[in-house]
Protein chains: 2
Amino acid sequence: MVNETQHTCSASSSSKSDGGSSSGSESSKDSSRCSTPVLDADRHERLREKMRRRQDSGDKWFSLEFFPPRTANAAVNLISRFDRMGAGGPLFIDVTWHPAGDPGSDKETSSMIIANTAVNYCGLETILHMTCCHQTKDDITGHLQKAKRLGLKNIMALRGDPVGEEWEEEVDGFNYAVDLVKHIRSEFDDYFDICVAGYPKGHPEADSYEADLRHLKEKVLAGADFIITQLFFRSETFLQFMKDCQAIGITCPIIPGIFPIQGYHSLRQLVKLSKLEVPQEIKDVIEPIKDNDAAIRNYGVELAVSMCRELLDSGMVHGLHFYTLNREVATTEVLKRLGIWNEDPRRPLPWAVSAHPKRRVEDVRPIFWASRPKSYIYRTQEWDDFPNGRWGNSSSPAFGELKDYYLFYLKSKSPREELLKMWGEELTGEESVFEVFTCYITGEPNKNGHKVTCMPWNDDPLATETNLLKEQLEKVNRRGILTINSQPNINGKPSTDPIVGWGPSGGYVFQKAYLEFFTSSEIVTALLKVLKKYELRVNYHIVNVKGQNITNAPDLQPNAVTWGIFPGREIIQPTVVDPVSFLSWKDEAFALWIEQWAKLYEEESPSRMIIQYIHDNYYLVNLVDNDFPLENCLWQVVDDTFELLN
Amino acid sequence: MVNETQHTCSASSSSKSDGGSSSGSESSKDSSRCSTPVLDADRHERLREKMRRRQDSGDKWFSLEFFPPRTANAAVNLISRFDRMGAGGPLFIDVTWHPAGDPGSDKETSSMIIANTAVNYCGLETILHMTCCHQTKDDITGHLQKAKRLGLKNIMALRGDPVGEEWEEEVDGFNYAVDLVKHIRSEFDDYFDICVAGYPKGHPEADSYEADLRHLKEKVLAGADFIITQLFFRSETFLQFMKDCQAIGITCPIIPGIFPIQGYHSLRQLVKLSKLEVPQEIKDVIEPIKDNDAAIRNYGVELAVSMCRELLDSGMVHGLHFYTLNREVATTEVLKRLGIWNEDPRRPLPWAVSAHPKRRVEDVRPIFWASRPKSYIYRTQEWDDFPNGRWGNSSSPAFGELKDYYLFYLKSKSPREELLKMWGEELTGEESVFEVFTCYITGEPNKNGHKVTCMPWNDDPLATETNLLKEQLEKVNRRGILTINSQPNINGKPSTDPIVGWGPSGGYVFQKAYLEFFTSSEIVTALLKVLKKYELRVNYHIVNVKGQNITNAPDLQPNAVTWGIFPGREIIQPTVVDPVSFLSWKDEAFALWIEQWAKLYEEESPSRMIIQYIHDNYYLVNLVDNDFPLENCLWQVVDDTFELLN
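Cut-offs applied
Residues numbered from 1 in each chain as written. Chains lettered and ligands numbered in written order. Predicted model: local features only at pLDDT ≥ 70, side-chain atom pairs only at ≥ 80, totals over all residues. Heavy atoms only, no water. Helix = DSSP H or I, 4+ residues; strand = E, 2+ residues; numbered from the N terminus. Buried < 20%, exposed > 50% of the residue type's maximum accessible area, 1.4 Å probe, protein only. Contact = heavy atoms within 4.5 Å. Domains from an automatic or database assignment. Buried area = accessible area lost by both parts, 1.4 Å probe. Salt bridge = Lys/Arg side-chain N within 4 Å of Asp/Glu carboxyl O. pLDDT = per-residue confidence, 0-100. Pairing = 2+ DSSP bridges. Lys, Arg positive; Asp, Glu negative; His and termini not counted. Polar contact = N/O pair within 3.5 Å; in protein donor to acceptor, adjacent residues only side chain to side chain. Expected span 1.5 Å × (residues − 1). Phe/Tyr/Trp six-rings, centres within 6.5 Å; stacked < 30°, edge-to-face > 60°.

(A) Spatial organisation of the environment of Thr641(A). All names here are of chain A. With respect to the helices and strands, the residue threonine 641 is situated in helix α21 (residues 634-645). Since its relative accessible area comes to 1%, threonine 641 is described here as buried. Between the C-alpha atoms of threonine 641 and lysine 529, which are 112 residues apart in sequence, the distance is 8.1 Å. Apart from the residues lying within four places of it in its own chain, the contact partners of threonine 641 are Ile523, Ala526, Leu527 and Val530.

(B) Main features of the domain arrangement of chain A. All names here are of chain A. According to the domain assignment, chain A consists of domain 1 (41-164 + 171-338) and domain 2 (365-645). The centre of domain 1, based on its C-alpha atoms, is set 41 Å off from the matching centre of domain 2. Listed as interface residues are 13 residues of domain 1 and, on the opposing side, 9 residues of domain 2. For the pairing of domain 1 and domain 2, the buried interface totals around 930 Å² over both sides, and the portion due to carbon and sulfur atoms is 66%. Counting across the domain 1 and domain 2 interface gives 1 salt bridge.

(C) Representation of the confidence of the model for chain A within the structure. Residues and elements named next belong to chain A. Per-residue pLDDT for chain A has a mean of 89; in total, 91% of the residues score no lower than 70. Every residue in residues 1-34 is under pLDDT 50, and counting partners more than four places away or in other chains gives 94 contacts. Among the scores for the predicted complex, ipTM is 0.84 and pTM is 0.86.

(D) Structural context of the sheet that holds strand β17 (residues 572-577) of chain B. Residues and elements named next belong to chain B. Pairing is mixed across the open sheet formed by 5 strands, whose spatial order is β9-β17-β16-β12-β11. Each of the sheet's edge strands pairs with one partner strand only, and the pair in question is β9 (365-366) and β11 (490-494). Looking at chain direction, strand β16 (residues 559-565) and β17 are connected through 4 bridges and run antiparallel. Bridge pairing in β17 links alanine 560 to valine 576.

(E) The arrangement of helix α18 (residues 521-533) of chain A in detail. Within the span of α18(A), buried status applies to Ile523(A), Val524(A), Ala526(A), Leu527(A), Val530(A) and Leu531(A). If you follow the buried residues of α18(A), they end up packed against β13 (513-519), β14 (538-544), β18 (619-625) and α21 of chain A.

(F) Up close: the environment of Lys146(B). Within the secondary structure, Lys146(B) is located in helix α5 (residues 137-149). Each C-alpha atom of the pair Lys146(B) and Ser105(B) lies 9.6 Å from the other, and the pair is 41 residues apart in sequence.

(G) Examining the pairing of strand β17 (residues 572-577) of chain A more closely. Residues and elements named next belong to chain A. By the criterion of burial, β17 is predominantly enclosed, with 6 of the 6 residues buried. Both strand β9 (residues 365-366) and β17 contribute to a ladder of 2 bridges, which runs parallel. Residue proline 366 lies in a different strand from β17, and its bridge partner there is valine 576. Between strand β16 (residues 559-565) and β17, which pair antiparallel one after the other, the connecting turn spans 6 residues, and glycine 568 there sits at a positive phi close to 65°.

(H) Looking closely at the side chain of Asp627(A). Positionally, Asp627(A) belongs in the loop between β18 and α21. One buried charged residue, Asp627(A), forms no salt bridge at all, with the nearest opposite charge on Arg537(A) at 4.0 Å. Here the side chain of Asp627(A) touches Tyr508(B) through a polar contact of 2.3 Å, side chain to side chain. Once residues within four sequence positions are removed from consideration, Asp627(A) is found in contact with Arg537(A) and Tyr508(B).

(I) Helix α15 (residues 430-442) of chain A, seen in detail. Residue and element names in this part refer to chain A. Over its 13 residues, α15 runs 19 Å from end to end, which matches the ideal 18 Å to within 8%, given 1.5 Å per residue. Most of α15 is tucked away: 10 of the 13 residues are buried. For α15, the set of buried residues is Ser432, Val433, Phe434, Val436, Phe437, Thr438, Cys439, Tyr440, Ile441 and Thr442. Where the residues of α15 are buried, they touch α14 (416-423), α17 (470-478), β10 (482-487), α19 (579-597) and α20 (606-617). One or two positions beyond α15, positive phi appears at glycine 443, with a value near 80°.

(J) Examining the packing of aromatic side chains more closely. Residues and elements named next belong to chain B. Inspection of every chain in the model, using the stated rule, returns 63 aromatic pairs over all chains. Taken together, a centroid distance of 5.3 Å and an interplanar angle of 65° make the contact between tryptophan 383 and phenylalanine 399 edge-to-face. A residue pair is termed long-range when its members are at least 10 positions apart, and tryptophan 383 in the loop between α13 (373-379) and α14 (416-423) and phenylalanine 399 in the loop between α13 and α14 qualify at 16 residues. Looking at tryptophan 383, the relative accessible area reads 3%, which means it is buried.

Quick look at the structure:
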């Protein structure tokens, strides 16, 4: 809401939004036979239920508010911030509605698309703000239908700011947030969880504090599920407000909005827009240090921590809502000092789950997209059903084509210049490509002194788990086995293992050793001879860019390569090597050579031709060692291959 | 066919059959997402495809012909014989059509019901014979619809025998087997595999051998998939016949019908009915020993073995069809001496699969019915879908009630007198019941010198696997923990392990330790106290006959207790402890006390009252130790319980 007031100046309504795209896929049909409740109860609950459960368990929580960015580059950064701040375990995030920014459109900076990305690609429970003034019912319905289609389940219903200085009611229009709440309930029944705004000091335009409380109660009676408040500077303000709400019969959760002061300028702007008065004791501290950003932020953190402590200690507050201003440091600091930043190393599944409701039963994925989960989600977004328990047979729905490698949520975090430094300003041959792969594995700087922290197939540094294989990976990459995915075999480690563990405690996790790499046809020829010796033990798929495919997979069945056994549950097998989806992955994996690497160089330059040559002539290979209780034989397979070549 | 001729005397047609019960459930819809091809390719193939695959692989096979029994008791014995002879690995069995025995009815001795039992309860690929003369099209269609509904997929299409001595064509009726073949194809398209009869010496009523060959070709052209021949006494007869068939363009498989001579009387009767002539050299041997059954059988076995060897050695024969006359010894002996009796100790799944086509994806079952698989099949026969991969959540279809404990395929193989000897002519208290359980476990005779080889919950002696737990089981049964099901924990044994292995080779099997027993409320009270200490490790369900239910299962989810990891496959988890189906099992498990045990005694007799008391007051308990890699803690749980009681 802070942010909502920040953007009031521009008056154009968002009537250009593509709200007309109507209904869409509302597949709520669960496969009745196979859908076992997934390991993580969170994925099944509505936000209001999660809130209730956390309140019942006495487990304090927090949430984070963001506003949509102004540029595509800022959007890339915001998504990375969602991923980083999401790691601290917010109960939800919310994305403000920016009427001037075409908020319901498909632009990468629109409120709608940012919220969509948070839900689907970052797996965050998300509330989308929506304002209603100066908009037609059809516009609003269109926005809501689109939000539903994208998997958004929660709306913060707001009035929005007037066009001119003075507020004028529109006949037959939406004049108050309560009109929007009623509209949502009448058009979408109980589908959305609805949040409304509360004003601890009363809304500045309200006739009185009491009148404003009555408006709030009307919003709740119209169907709001919980309340988030405007910011305030003293805990007493909120606690009194909460008592007053309870006194007039408001019983739903009321969540205090916390604004850690992060700078002199932002505080001044905020005060102007929100018409709130900054207490004198705060002004007294800030004025003398107004040019020292660090000092103000430190003070703001102190202030926020002590106010939050008072709120939590009151016993009336179970969750805290943070106005982040899209910044990371101050809020994270406050949360860590409060002890509610909960970076749980345990993952419900080995991969990051999506929060789209139709994906709530999903618990199996092919291993290929392990480092590109957002691309996997993109390519499966049109599916109506997601696999639960089994990957299933080859008649699964097809993967969408990945044509646009520059979708902002798939884009590399590093700019072109940085990529060139890592991957080479000028390549001199296949060996210089081997060198890049090797440096990525070892973490050592390349010959120009730059560390290789990402690759076209992996936008992050090497996973801790892959580190277990570092030594062998280095050795094979140097010789032209260009690895892009791998996992060690695991024969029953506790599910709480900090590196390979996942799922609830008390379980055991298992893996078959996996190795995936690009390599030359010469090496493939030798490899195939060697694999004959391992026929019963190793499954392989070998494919080139044209789709020539060599495999020994029985009946094109998927091979489970990660699974877990938990107390009182059915088996979970979250990753498989599936022969059919491997061919879809192949297209993407080969295209990344060109889209992310070759295109860094001038057309017809030697560097570009080297990458193009690899793209055209190398094979993509994956190997699974089925004998998980024994020592991983895949390194022996590779050694035997090199020996045969010598 | 031997048998068909055996029953010619009676002329009444089977028009009283309940063929009118029409269409029924033809659920061929597979869950597209979860249906992974099961481990055993056999379950997916049609009989003609299996035949072709075996021919291609050069793997010789056999099949067995039976006729429907005359009495209910004989039916019980025949079903046991199906189970025993099924263990040798026949490609299929067939059941003759007995027009005098109301063959399409629901009587337990009808051809239809015997074939149904073979398919559904014994898991045998089965061909049902069907004759057509003197029957209306509607009758025939009714029989075929019923056969399809019951899961039968193969029909042997025969003319049947004339009413009088002379054959008279009926206008508009079925006059020849070819009419029946055409009818099946026109009414049921390609649903059934169709077999027809071939006569190596020509049909006795045919104008000539050549004319009979032309009739045979007509049957094949009309849609028959393969041919089984009438018996013959010399391999040359068959081989010549096969050449003659090929010469006129019959290319489908032709399977020789083998009749091991088993006695003087049956041979004479057969000769009379089939109008075949016994070669002089056979007569010369048999006549002198006609009163010595054993000698004749030995001779018959010799003769059959050497003829079968000639057939197989010719390279023209891939499978042998045996006229068993419902007897076991001679045929089994021939098969063993030929080396094609293949008692494969490896099971595709830990439980015996059913051959109904709608069950071909089934690969998960609750553990409770482990010793009563036929009852499980009975209680789930109305389901349209069967679980594949996952058991799924509690919204599974309900189990049918088991009201009739005396269905012939569920009935104990032992007569009442024998059961009384095993379980006690007179019980003197709960301890004498403990004693029966203990003797069943130890295999020692009871105090009257009788071994206890079955129990109401288990019609067979202790499984080899359970033997691993024998010592502990004996100890606890003596003290009133009356065990009815258990399995040890297994932490990754090879799938080829002779005792606990199942599934294809190269895999690993796992189990969680399981223990299920009846016990008194006093012991349950102590047990519950002890279980508090094991809360995170042991899942339990404790229920009495009234349904009072105590459990710590999370969210009523199923707990996988047997699973296997195989090369190139998804995980298979064939048994689960499912909280919901446990309540259905509970009804059956408690009822067996009364139906199978209490009812052996006079009403109001002390013995009956003792069993009734246990039924009314004991609890049925199951325990799972989730920590399968550690030593099974369930014995410690029981020890702790007894210690607490002392």
